[in-house]
Amino acid sequence: MKLLFVCLGNICRSPMAEAIFRDLIQKENLDMTLDSAGTSVYYGGNQPHLGTRKILDKMNIDYDHIISRQLKDEDFEKFDYLFAMDTQNYQDMLNRSPQKYHPKIRLFLEPLDTYPNKNIPDPWYTDDFEETKILITQAAHAWLDILKGELN
Ligand code: 4NP
């Protein structure tokens, strides 16, 4: 199974989601391909934001291989799920992809129905990487439970 985590810059939220999700699947010995991308071109080639790196360091989670890149058209074919960190990323992906791929495009907070809006707050603006980490971790656990049911 191949999962892509998508935000605007691919330096704050989606690399955090990729790294946290990878840590979970490694602990369970699951075979999945994970990557992340940004809908914008701003930060291509950059490592994650310092705030994201500090959070991942505290969690003892590796991010060395994560380098920001832009979302590509081929990603819609290649990945089984493309997880949007907020409703803008979600709408951007729907707008630029053929309809046949739309069922793969999902809001990452979708399984957390306690959360009224479906946006993971962007720490680029809020500076609150901890709040973002908590939501991403909850959503990662919820999706892992769902996706384990789809692995054969
Ligand atoms: P991200 O955060 O989408 O979670 O990586 C952002 C990073 C950069 C910008 C916006 C959001 N920016 O406008 O440069």
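Residues numbered from 1 in each chain as written. Predicted model: local features only at pLDDT ≥ 70, side-chain atom pairs only at ≥ 80, totals over all residues. Heavy atoms only, no water.

Colleague: Is there a simple way to explain the pairing of strand E1 (residues 2–7) in this structure?
Modeller: Walk down a regular strand and you will see the side chains alternate between the two sheet faces. Taking burial as the measure, the six residues of E1 include five buried ones, the bulk of the element. Crossover handedness for the path E1 to helix H1 (residues 13–27) to strand E2 (residues 33–38): right-handed. Across four bridges, the pairing between E1 and strand E3 (residues 81–84) is parallel. Bridge pairing in E3 links Leu-4 to Leu-82. (Buried < 20%, exposed > 50% of the residue type's maximum accessible area, 1.4 Å probe, protein only. Helix = DSSP H or I, 4+ residues; strand = E, 2+ residues; numbered from the N terminus. Right-handed = clockwise from strand over helix to strand, strands pointing away. Pairing = 2+ DSSP bridges.)

Colleague: Teacher, can you tell me more about the site of the ligand here?
Modeller: By nearness alone, every residue bordering the ligand is listed as Cys-7, Leu-8, Gly-9, Asn-10, Ile-11, Cys-12, Arg-13, Tyr-42, Tyr-43, Asp-122, Trp-124 and Tyr-125. A distance of 3.2 Å separates an oxygen atom of the ligand from a polar backbone atom of Asn-10. Trp-124 is positioned with one of its side-chain polar atoms (N or O) 3.4 Å from a nitrogen atom of the ligand. Taking 350 Å² as the accessible area of the ligand by itself, protein coverage stands at 93%. Split into classes, the residues belonging to the shell around the ligand amount to eight nonpolar, two polar and two charged. (Near = heavy atom within 4 Å. Polar contact = N/O pair within 3.5 Å; in protein donor to acceptor, adjacent residues only side chain to side chain. Areas by Shrake-Rupley, 256 points an atom, 1.4 Å probe, with all protein chains shown as cover. Nonpolar A, V, L, I, M, F, W, Y, C, P; charged D, E, K, R; others polar.)

Colleague: Looking at this structure, I do not really get the pairing of E2. What am I missing?
Modeller: Strand direction decides the pairing type here: E1 and E2, joined by six bridges, are parallel. Bridged to Val-6 within E2 is Ala-37.

Colleague: Whenever I open this one, the pattern of salt bridges confuses me. Can you help?
Modeller: Any two side chains of opposite charge can pair if their charged atoms end up close together. Summed over the entire model, instances satisfying the criterion amount to eleven salt bridges. With a shortest N-O distance of 2.8 Å, Asp-86 and Arg-13 are connected by a salt bridge. Of this pair, Asp-86 sits in the loop between E3 and helix H4 (87–96) while Arg-13 is found in helix H1, placing the two residues 73 residues apart along the sequence. Overall, the relative accessible area of 13% leaves Asp-86 in the buried class. Across the pair Arg-96 and Asp-73 runs a salt bridge whose closest N-O atoms are separated by 2.8 Å. Remark: Asp-73 occurs in helix H3 (residues 73–78) and Arg-96 occurs in helix H4; sequence separation between them is 23 residues. The exposure class assigned to Arg-96 is partly exposed, which follows from its relative accessible area of 33%. Within the structure, one salt-bridge network assembled from shared partners comprises Arg-13, Asp-86 and Asp-122. (Salt bridge = Lys/Arg side-chain N within 4 Å of Asp/Glu carboxyl O.)

Colleague: Any chance you could explain the packing of H1 against helix H6 (residues 129–148) here in plain terms?
Modeller: Axis angle and axis distance: for two packed helices, these are the angle between their axes and the distance between the axes, and together they describe the pair. Between H1 and H6, whose axes approach to 9 Å, the crossing angle comes to 45 degrees. Between H1 and H6, the angle is such that the two are oblique. The handedness of the crossing between H1 and H6 is right-handed. Contacts between H1 and H6 involve Arg-13, Met-16, Ala-17, Ile-20, Phe-21, Leu-24 and Ile-25 from the former and Phe-129, Thr-132, Lys-133, Ile-136, Thr-137, Ala-140, His-141, Trp-143, Leu-144 and Leu-147 from the latter. Residue composition of the contact of H1 with H6, by class: twelve nonpolar, three polar and two charged. (Axes fitted to C-alpha atoms, helices over the stretch in contact; angles between N-to-C directions. Parallel < 35°, antiparallel > 145°, perpendicular 65-115°, else oblique. Left-handed = near helix turned anticlockwise from the far one by under 90°. Contact = heavy atoms within 4.5 Å.)

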